[in-house]
Structures are given as structure tokens and as C-alpha cells.
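What the coordinates show
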Amino acid sequence: MTSRTDEALGYEQARDELIEVVRRLEAGGTTLEESLALWERGEELAKVCRRWLEGARARLDAALAEEETDEEQNRAPSGAADE
């Protein structure tokens, strides 16, 4: 479960902390309990990053759809006024 503190993390903060968690896990030398805690924290941070990226994708998709709609409206024939 993601805490309120995690929800307040920006993408870059969560990513940087996730990188540190992975570095510590890869370095080894931690107890099983510490490794599990690090893994769990990494999962939480990955979820935060995923939510940020999904939100960014949704905003980009919406902006692109709006731009496409605007372009289609500008290309629409002007009607009988040209005849």
C-alpha cells in the first residue's frame, strides 16, 4: 500500500530513491530482512513512478487528440460560400 508521503513524491524524487534502492540491493551485504524491506520500498516507488508516467501519457494523449480535432476543424470545407 502506498503511503500519503509516497503520493507527495515527485517523479524524479521517486525515481532517484528507486535507483538507490536497486543499487543497495545489487551491492548485497544486507540481511534478508533488510533486503525484503528494500524490495518492498522499491515496489512502492515503482508504483509511484508508474502513476506519474501514466498521468503524463494521459495528458499527452489528450493534448494530441485536441490538436487533431482542431486541425480537422480547420480543414473542414467552408460550404456553399465558395460556389
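Residues numbered from 1 in each chain as written. Predicted model: local features only at pLDDT ≥ 70, side-chain atom pairs only at ≥ 80, totals over all residues. Heavy atoms only, no water.

**Details of the packing of helix α2 (residues 11–27) against helix α3 (residues 32–75)**
To be explicit about the condition: To obtain each axis, a line is fitted to C-alpha atoms, and for helices this fit is confined to the stretch in contact; angles are then taken between N-to-C directions over 0 to 180 degrees. Starting at the N terminus, helices and strands are each numbered in turn, a helix being any DSSP run of H or I of at least four residues and a strand any DSSP run of E of at least two. Small angles under 35 degrees read as roughly parallel and large ones over 145 as roughly antiparallel, with 65 to 115 read as roughly perpendicular and the rest as oblique. If you view the pair so one helix is near and one far, a crossing is left-handed when the near helix is turned anticlockwise from the far one by less than a right angle, and right-handed when it is turned clockwise. Any pair of residues with heavy atoms lying within 4.5 Å of one another is described as a contacting pair. Each residue is assigned to one of three groups, with Ala, Val, Leu, Ile, Met, Phe, Trp, Tyr, Cys and Pro labelled nonpolar, Asp, Glu, Lys and Arg labelled charged, and all others, Gly among them, labelled polar.
Across the interface, α2 lies against α3 with an axial gap of 9 Å and an inter-helix angle of 150°. Taken together, the axis directions place α2 and α3 in an arrangement best described as roughly antiparallel. Handedness of the crossing formed by α2 with α3: left-handed. From α2, Tyr11, Ala14, Arg15, Glu17, Leu18, Val21, Arg24 and Leu25 reach across to α3, where they touch Ser35, Leu38, Trp39, Arg41, Gly42, Leu45, Ala46, Val48, Cys49, Trp52 and Leu53. Residues of the contact of α2 with α3, tallied by class, amount to 13 nonpolar, two polar and four charged.

**Notes on the nonpolar core**
Where we set the bar: We call a set of buried residues a nonpolar core when its members are Ala, Val, Leu, Ile, Met, Phe, Trp, Tyr or Cys and they connect through side-chain atoms within 4.5 Å of each other. The classification of residues rests on relative accessible area computed with a 1.4 Å probe and restricted to protein chains. Under 20% of the type maximum is buried, over 50% is exposed, and intermediate values are partly exposed.
If you look at the biggest cluster of nonpolar residues, it comprises seven residues: Leu9, Ala14, Val21, Leu38, Leu45, Val48 and Cys49. Listed by contribution, the elements that provide at least two residues to this core are α2 and α3. Broken down by element, this core gets its largest block of residues, four residues, from α3. Discounting chain neighbours no more than four positions away, the residues touching leucine 9 are Ala14, Glu17, Arg41, Leu45, Val48 and Trp52.

**So, the pattern of salt bridges**
Formally: A side-chain nitrogen of Lys or Arg and a carboxyl oxygen of Asp or Glu constitute a salt bridge if their distance falls within 4 Å.
Under the criterion given, the structure shown has five salt bridges. Glutamate 17 serves as the salt-bridge partner of arginine 41, at 2.8 Å between the closest nitrogen and oxygen. Taken as a pair, arginine 41 in helix α3 and glutamate 17 in helix α2 lie far apart in primary sequence, 24 residues in all. Judged by relative accessible area, arginine 41 falls into the partly exposed class, the value being 21%. Judged by its relative accessible area of 30%, glutamate 17 is partly exposed. For arginine 41, the salt bridge identified is with glutamate 44, shortest N-O distance 3.2 Å. With arginine 41 and glutamate 44 both in helix α3 and three residues apart, this pair spans about one turn of that helix.

**Describing the confidence of the model for the chain**
Definition in use: Scored between 0 and 100, pLDDT is the confidence that the predictor attaches to each residue.
Per-residue pLDDT for the chain has a mean of 89; in total, 86% of the residues score no lower than 70. The spread of mean pLDDT over the elements of the chain runs between helix α1 (residues 4–8), the lowest at 72, and α2, the highest at 98.

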